[in-house]
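Breakdown of the fold
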Amino acid sequence: MKFIKRYKFFTITLLILTALFFVNHEMGLKAVGITVYSLKEMILVIPPVFILLGLLDNWVPKETMVKYMGEDSGIKGVVLSIFIGSAAAGPLYGAFPVAAVFMKKGVKFSNIIVFLGAWSTTKIPMFLFEMASLGVKFAFSRLVIDIFGIIIMARIVSNLIPKDEIKKIYINAENLI
């Protein structure tokens, strides 16, 4: 019973896929194919992310992270958050464990939001592709708008969330790692 309760989402999804397979065989095969593809992608992305997290956690002292990205980091924390998020590779779900380690290391909440925004919208390879296919003017316009938008949204989100809620988020992140 404990196993079923623990894996209820997986079990329900498996049951739905099985039912879909019997109701519409072709669509069921397609759904299984997409599921297998997604699992392969996750297996290729998650181990390197966790290796890098382990290295970050052990090699970079908390004091260094607080100095460059903590509460008093100012503009250098924002710039560093944008740079790290833009240089990162992989899908967005890889950013959340990194954000949890950042929380553990004392990174300012708004810098974490900036990092997540940069990871999702300002990837360097995407920028290079846009320059080649859509033009330099478009690529730079989108990048500038995205960066200012990310910074504004991070500021709004960090001001809207009460400090005690942010503290709970940090405590939860500490318990994850």
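As shown above, the structure is provided for reference.
Criteria and cut-off values
- Counting starts from 1 at the beginning of each chain's written sequence and moves along it residue by residue.
- Per-residue local features are limited, in this predicted model, to residues with pLDDT of at least 70; the limit for side-chain atom pairs, both in listing and counting, is 80 or more; totals at the level of whole chains, interfaces and linings are taken over all residues.
- Side-chain measures were taken over the full set of non-hydrogen atoms in the model, leaving aside hydrogen atoms and water.
- Numbering of helices and strands starts at the N terminus; helices are DSSP runs of H or I of at least 4 residues and strands are runs of E of at least 2.
- Only C-alpha atoms enter the radius of gyration; for comparison, a globular chain is expected to reach 2.2 Å times N to the power 0.38, where N is the number of residues.
- Any two residues whose heavy atoms approach within 4.5 Å are treated as being in contact.
- Residue-level accessible areas treat just the shown protein chains as cover; the underlying method is Shrake-Rupley with a 1.4 Å probe.
- Positive charges are assigned to Lys and Arg, negative charges to Asp and Glu, while His and the chain termini are left out of the count.
- Positions of charges follow a simple convention, taking NZ of Lys, CZ of Arg, CG of Asp or CD of Glu.
- In this analysis, the protein atoms alone were mapped onto a 1 Å grid. Cavities are point sets where a 1.4 Å probe fits without being able to get out; pockets are open sets with protein on both sides within 12 Å along at least five of seven lines; lining residues have an atom within 4 Å of a point.
- Grid points are joined across faces, edges and corners, and a volume is the space filled by probe spheres set on the points.
- Throughout this entry, Asp, Glu, Lys and Arg are counted as charged residues, while Ala, Val, Leu, Ile, Met, Phe, Trp, Tyr, Cys and Pro are counted as nonpolar. The remaining residues, Gly among them, count as polar.
- Centre distance within 6.5 Å is the pairing criterion for rings of Phe, Tyr and Trp, where only the six-membered ring of Trp is used; planes under 30 degrees apart are then read as stacked, over 60 as edge-to-face, and the remainder as tilted.
- Throughout this description, buried means an accessible area under 20% of the type-specific maximum (1.4 Å probe, protein chains only), exposed means over 50%, and partly exposed covers the range between.
- Here, a salt bridge means any Lys or Arg side-chain nitrogen found within 4 Å of an Asp or Glu carboxyl oxygen.

Next up on the list: the overall build of the chain. Each helix and strand counted, the chain has 10 helices and zero strands in total. Reading the chain from its N end, one meets helices and strands in the order α-α-α-α-α-α-α-α-α-α. A globule of 177 residues ought to have a C-alpha radius of gyration of about 16 Å, yet the chain, at 20 Å, is considerably larger. Taken over the C-alpha atoms alone, the chain extends approximately 60 × 50 × 35 Å along its principal axes. By sequence separation, contacts in the chain at least 24 residues apart represent 71% of the contacts at least 6 residues apart. With an accessible surface of roughly 12,100 Å², the chain has 75% of that area assigned to carbon and sulfur atoms. Taken together, the 19 basic and 11 acidic charged side chains of the chain have centroids lying 3 Å from each other.

Moving on, we come to the layout of surface pockets. Space inside the largest pocket adds up to approximately 360 Å³. Taken together, 17 residues line the largest pocket, and the ones lying closest to its centre are L52, I84, A88, V98 and W119. Elements supplying a minimum of two residues to the lining of the largest pocket: helix 3 (25-59), helix 5 (75-87), helix 6 (95-104) and helix 7 (109-121). In terms of residue count, the dominant contributor to the lining of the largest pocket is helix 3 (eight residues). In the lining of the largest pocket, the residues fall into 17 nonpolar, no polar and no charged. There is about 220 Å³ of room inside the second largest pocket. Lining the second largest pocket we find 13 residues, and of these E71, K108, F109, K163 and I166 sit closest to its centre. Mapped by element, the contributors of at least two residues to the lining of the second largest pocket are helix 7, helix 9 (136-160) and helix 10 (163-176).

One pass over the full model with this rule turns up five aromatic pairs. Ring geometry for F109 versus Y170: centroids 6.5 Å apart, planes at 50°, classification tilted. Of this pair, F109 sits in helix 7 while Y170 is found in helix 10, placing the two residues 61 residues apart along the sequence. Each member of the pair, F109 as well as Y170, carries the same accessibility label: buried. In textbook terms, an aromatic cluster arises when at least three aromatic residues are bridged by ring pairs, as seen for F102, F115 and W119.

Here the structure, examined in full by the defined rule, presents five salt bridges. Linking K104 and D57 is a salt bridge whose minimum nitrogen-to-oxygen distance equals 3.0 Å. Here K104, found in helix 6, pairs with D57, found in helix 3; they are 47 residues apart in sequence, far enough to count as distant. Linking R142 and D146 is a salt bridge whose minimum nitrogen-to-oxygen distance equals 2.1 Å. Here R142 pairs with D146, and both are found in helix 9, just four residues apart, close to one helical turn.

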